[in-house]
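So the chains spell out like this:
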Amino acid sequence: MAAPVRGMIGSTSIGNTTSFQKKTRSKLVSIPGTRPSVQNGQLLVSSGVSSLDYVIGGGLAVGTLLLVEEDHYDSYSRMLLKYFLAEGVVCGHELFLASARDHPDDIMQELPSPIVDDVAGMKISEGQSQPSDPENPDTMKIAWRYQNQPKVQTALASSVRFGHYYDVSKTMEPELRQAAKCHSFYQLQETPVVTASSPLPSPYHSLLKSIQTVIRKEGFDGSTPQSKVRNVLRLGLHSLGSVLWGDDVCCKDNPAHCHALTTFLYILRGLLRTSLSVAMVTVPSHLTQNRAVMGRIIRLSDTAIALESFKGSEKETNPLYKDYHGLLHVRQLPRLNCLSCEVPDTKDLAFKLKRKQFTIEVSSHQPLSALSPQHTPNSHPIALRVHSYGTSPNPNEQRGVKTPPRLLTSAVSALKTHSTVDTADQRVGCNENDTD
Amino acid sequence: MFPELNSILNSTPDSFKSSDFILVSDRRADASFLIHHHLSFYLRAGCKVCFLGLVQSFSHYSAVGQRLGVSLAQAREKGQLVFLEGLKNSIGVILQEDTSQETQPLSYLRTPGAGLEGLFRFVESSVRQSGDGDAGESWGPPVLLIDDLSVLLSLGVSVGAILDFTLYCKATVCSELQGNMVILVRCEEEDADDDEEGSNLLQRGLVHQCNLALHVEGLPTGYCRDIHGQMEVWWRQEGETICNRRKIFHFKVHDKGASFFARGTSSAVL
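None of the values given here were measured: they were computed from a predicted structure.

K.L.:
Hey, could you run me through the confidence of the model for chain A in this one?
P.N.:
Regions with low pLDDT carry predicted coordinates that are not meant to be interpreted in detail. Residues and elements named next belong to chain A. Averaged over all residues, the pLDDT of chain A equals 72, while 64% of them reach at least 70. For chain A, helix H6 (residues 151-154) is the element with the lowest average pLDDT, namely 38, and strand S4 (residues 65-69) is the one with the highest, namely 95. In this model residues 118-139 is a low-confidence stretch, pLDDT under 50, and it forms 16 contacts with partners more than four residues away in sequence or in other chains. Within the model, the stretch residues 150-159 combines pLDDT values under 50 with 25 contacts to residues more than four positions away or in other chains.

Encoded structure:
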C-alpha cells in the first residue's frame with residue numbers, strides 16, 4: 001500500500017505535524033534517513049533498532065516523543081538510547097543529548113559502530129576521505145537495488161537507507177562520530193536559573209530553553225531560508241525524573257514537584273510538534289511510587305514502551321525465557337493524523353541483545369503446561385521470528401506472519417512458520433548466540 | 001461522524017438533543033475517536049463550535065476531519081469553528097513568559113493554583129459571538145468541545161478548579177444558550193489508595209453533572225486485535241422513569257470511521 005496522497009494544502013508550513021506529501025513534487029527536499037509511513041503518510045525515522053521500528057509501526061514519526069521506561073539497571077534502555085543516537089550519526093541527523101548522571105560525551109563515545117556493508121551507501125559528510133576502491137560502484141548498487149520497489153521508496157533514492165545494524169562490541173569511529181553535529185546539555189554543569197514565575201523547576205526549565213534555542217538557531221522550525229538543507233533533530237534525554245534532575249517524583253510518595261515532569265513533557269511535545277525533531281526520553285519508572293503519575297506520563301508521550309529485564313529476577317531461570325534478556329511491553333502507540341493506530345498482532349514481546357542485533361520477538365505462552373516432556377526446546381512456541389524491516393527489502397511485506405488473535409492457535413502457526421523464516425535469519429547472521 | 005454511533009445515540013446532524021452535556025471518558029484506552037466523531041457531527045449540523053485542543057495540533061484534527069468529510073480549515077475561516085491551539089501557545093507562555101492578551105486563556109500554565117477563569121472567559125467570548133457578524137450567516141446553537149480535560153491535572157490544576165470550570169461552562173453553554181458540551185476525560189486505573197487529586201475523582205464529578213456518558217475501556221478478557229475495546233453508553237433519564245439506561249457495545253476503529261456492534265457479534269468471532 002503506497003503512501004496516501006491527500007488533497008491537503010501546502011505541507012511546507014511546519015505548523016503541521018510534518019506530513020510531507022509526495023504530491024508536491026520536487027519542491028520538497030527529501031531528508032536522508034527518513035521515509036513516509038505506509039499507514040498514514042507520516043515522515044518516519046528509524047530508532048536504530050529495526051525490530052523496534054517494526055513493533056512501533058514502521059519507525060518514529062518526526063514530531064513525536066518516544067518514552068522508554070527503563071529496566072532496573074538501566075542497561076537496555078541506555079543501549080536503546082545509544083542505538084537511537086548512532087542511527088542519527090549514520091543518517092547525518094543532528095543530535096541533542098541531555099543527561100544528568102553521565103556526561104554526554106561519555107555516552108557519545110560508547111555509541112556502537114555500524115556494520116560496514118550497510119554504511120557503504122551512506123553519505124559521509126564532506127570532511128571525510130572515502131577510500132577510492134573499485135568496489136565502490138558495486139557497493140552503490142546494493143543501495144540502488146531498492147530502486148525498483150514501489151514508489152514509497154523510489155522518491156528517496158538519493159538518500160540513505162532506512163535502518164542500520166550495529167555491532168555493540170565495537171564503538172563508533174571517532175571520525176564518524178565527529179562528523180555529526182551534537183549539542184549536549186549536562187545538568188550538573190548548568191548554573192541554576194531562578195525562575196520564580198514558572199511552575200517548572202530550574203533544571204527542566206533550562207533544558208527546555210536550551211532545546212528551544214537549538215531548534216530556533218538551527219532552523220528546525222522552518223525559520224531559516226529554504227536554501228538550507230532540511231534535517232531532523234534527534235533529542236535524547238536520559239533518565240528524566242530521577243533525582244539528579246532536581247525532581248523528586250521518583251523518590252517520594254507525595255512529591256513537592258509532582259507536576260514538573262508532566263508539564264515538561266507537555267511543553268516538549270509542543271516543541272516537537274512545531275519542528276522537525278524527534279525525541280527519545282528514558283524514565284526510571286520502577287522508582288516512582290505512584291502509578292497514576294506514570295499513567296499520565298505515558299498519556300503525555302506519543303509512543304511508550306517499557307523494558308523489563310530478567311537480570312536478577314526469578315524469571316532469569318525460567319525455562320520459558322531462557323533465550324531472552326527481557327520483556328518489552330508496548331504501552332502506547334500513537335494515532336497521528338488518523339483515527340486508527342497501528343495495532344500490533346500481540347503484546348507479548350521479548351527482546352534479546354545480540355552482538356549484531358537487538359531482536360524483539362513474540363513470546364507466546366502456552367496456556368497448558370509448557371514444561372511437559374513433549375515440548376522439546378527446538379519446537380518451542382517462542383520461535384516466531386518477526387521480519388525486521390532491514391532484512392526484508394519489500395516494504396509491503398511488513399507483516400511476515402499473520403497470527404490469529406487467539407492464543408491457543410498462535411503456537412500452531414508459530415510452528416508452521418518456523419521453518420520458512422529460518423532461512424531469512426541465516427542471511428543476516430543471526431545464528432550467533434553470543435552477546436557482547 | 002460514525003453512522004452506527006448516530007443510530008445508537010438516536011441523533012442525526014439534523015435533529016439532535018440540545019442542552020446536552022456529553023462526557024466521553026476512557027480508562028487505559030483511547031476515546032479520542034469519539035471526539036473526532038462529535039466534531040464532524042456538529043460541524044455538519046451547522047453549529048458554532050468552540051474547540052479547546054489542548055493535546056494535539058490543529059493539523060491532526062484537520063487531517064482526521066478530512067477523512068470524515070469535514071474541512072476544519074474552511075470552518076475556521078468562515079468563523080464556524082474557534083480553535084484554541086493549546087500545545088503551540090503553551091510554549092510561549094512557559095518559556096518566554098509571554099503575558100500578552102492572547103495567552104490569557106492559558107494563564108493556568110503560569111499559575112496552576114489560580115484556576116481556569118481565563119480559559120472560561122475565552123470560551124464565553126467564543127460561544128457568545130453572534131453569527132450576524134461578517135458574512136451574515138447565523139450558526140446553530142453553540143457547542144463546546146474539549147480534548148482533553150484531564151491533561152490540566154498533569155499541569156497542576158486542581159480537581160475542584162476544573163469542576164468549577166465545567167459548571168460555569170454548563171451554565172453558560174447548556175442552560176443559557178441551549179447549546180451542547182462534549183468533554184473528554186482520560187482516567188487511570190482504579191486505585192484503592194488513590195490520592196484526592198486523581199482523574200478518577202474528576203471523572204466521577206463530571207458523570208454527576210452530565211446527561212450522557214460514553215465510557216471506553218479495553219476488553220475485560222484481554223487484548224484482541226479485531227475488537228479494539230468496549231464502549232458503555234449511559235443515559236440520564238429525565239422524567240418519571242427511575243432507572244437509568246445503560247448499554248455496552250464493542251467497537252473497532254478503522255481508517256475512516258468506527259464500527260459498533262453488540263457484544264459477541266464481532267466479525268472476527270462469527
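Resuming the write-up.
K.L.:
Help me understand the sheet that holds strand S1 (residues 34-36) of chain A, please; the structure alone is not making it clear to me.
P.N.:
Consider a sheet: its strands pair through backbone hydrogen bonds, and that pairing is either parallel or antiparallel. If you trace the three strands from one edge of the open sheet to the other, you get S1-S2-S3 (chain A), paired in antiparallel fashion. Two strands close off the open sheet at either side, each with one partner strand: S1 and strand S3 (60-61) of chain A.

K.L.:
Looking at this model, I keep getting lost on the interface of chain B and chain A. Mind explaining?
P.N.:
Reports of interface size often rely on the accessible area that becomes lost once the parts have come together. Taken together, the contacts link 54 residues of chain B with 45 residues of chain A. Carbon and sulfur atoms make up 55% of the surface buried where chain B meets chain A, a total of about 4,200 Å² over both sides. A per-residue breakdown of the area chain B buries against chain A is headed by Leu95, Tyr223 and Arg225 of chain B, which together make up 17% of the total. For the pair chain B and chain A, the number of links is three salt bridges. Taking the shortest distance from any N to any O, the salt bridge between aspartate 30 of chain B and arginine 335 of chain A comes out at 3.2 Å. Where chain B packs against chain A, one counts ten residue pairs in polar contact (both at pLDDT 80 or more). Taken together, the elements giving at least two residues each to the side of chain B that touches chain A come down to strand S1 (21-27), helix H2 (32-44), helix H3 (58-68), helix H5 (86-95), helix H6 (107-110), helix H8 (151-154) and strand S5 (180-187) of chain B. Residue classes in the side of chain B that touches chain A are distributed as 21 nonpolar, 17 polar and 16 charged.

K.L.:
Would you mind showing me how to read the pairing of S1 of chain B here?
P.N.:
Remark: a regular strand shows side chains that alternate across the two faces of the sheet. Residue and element names in this part refer to chain B. Counting buried positions along S1 gives seven out of seven residues, so the element sits mostly inside the fold. Side-chain alternation along S1 places Phe21, Leu23, Ser25 and Arg27 on one buried face and Ile22, Val24 and Asp26 on a second face that is also buried. Bridge count for S1 against S5 is seven bridges, and the pairing is parallel. For leucine 23, the partnering residue across the bridge sits in S5 and is isoleucine 183. Relative to strand S6 (residues 212-217), S1 runs parallel, the two sharing six bridges. Bridge pairing links arginine 27 to glutamate 217 in S6.

K.L.:
Help me understand the nonpolar core, please; the structure alone is not making it clear to me.
P.N.:
It is characteristic of soluble globular proteins that their nonpolar side chains tend to be buried jointly. Ranked by size, the top nonpolar core spans 175 residues in total, and within it Phe264 of chain A together with Leu52 of chain B carry the most contacts. At ten residues, helix H2 (residues 76-91) of chain A tops the list of elements feeding residues into this core. Listed in part, the six residues of the second largest apolar core include Phe310, Tyr321, Tyr324 and Ala350 of chain A.

K.L.:
Can you walk me through the packing of aromatic side chains in this structure?
P.N.:
Summed over the entire model, instances satisfying the criterion amount to 20 aromatic pairs over all chains. With 5.1 Å between their ring centres and 85° between their planes, phenylalanine 41 of chain B and tyrosine 42 of chain B make a pair best called edge-to-face. Here tyrosine 42 of chain B falls in the buried class, since its relative accessible area comes to 3%. Aromatic ring contacts, followed pair by pair, group Tyr76, Tyr83, Tyr166, Phe351 and Phe358 of chain A into a single cluster. Note that arginine 35 of chain A overlies the ring of phenylalanine 162 of chain A, its terminal NZ or CZ placed 4.4 Å from the centroid. A cation over an aromatic ring shows up here: arginine 245 of chain B above the ring of tryptophan 235 of chain B, its NZ or CZ 4.2 Å from the ring centre.

Cut-offs applied
- Residues numbered from 1 in each chain as written.
- Chains lettered and ligands numbered in written order.
- Predicted model: local features only at pLDDT ≥ 70, side-chain atom pairs only at ≥ 80, totals over all residues.
- Heavy atoms only, no water.
- pLDDT = per-residue confidence, 0-100.
- Helix = DSSP H or I, 4+ residues; strand = E, 2+ residues; numbered from the N terminus.
- Contact = heavy atoms within 4.5 Å.
- Pairing = 2+ DSSP bridges.
- Buried area = accessible area lost by both parts, 1.4 Å probe.
- Salt bridge = Lys/Arg side-chain N within 4 Å of Asp/Glu carboxyl O.
- Polar contact = N/O pair within 3.5 Å; in protein donor to acceptor, adjacent residues only side chain to side chain.
- Nonpolar A, V, L, I, M, F, W, Y, C, P; charged D, E, K, R; others polar.
- Buried < 20%, exposed > 50% of the residue type's maximum accessible area, 1.4 Å probe, protein only.
- Core = buried A, V, L, I, M, F, W, Y, C linked by side-chain atoms within 4.5 Å.
- Phe/Tyr/Trp six-rings, centres within 6.5 Å; stacked < 30°, edge-to-face > 60°.
- Lys NZ or Arg CZ within 6 Å of the ring centre and 35° of its normal.

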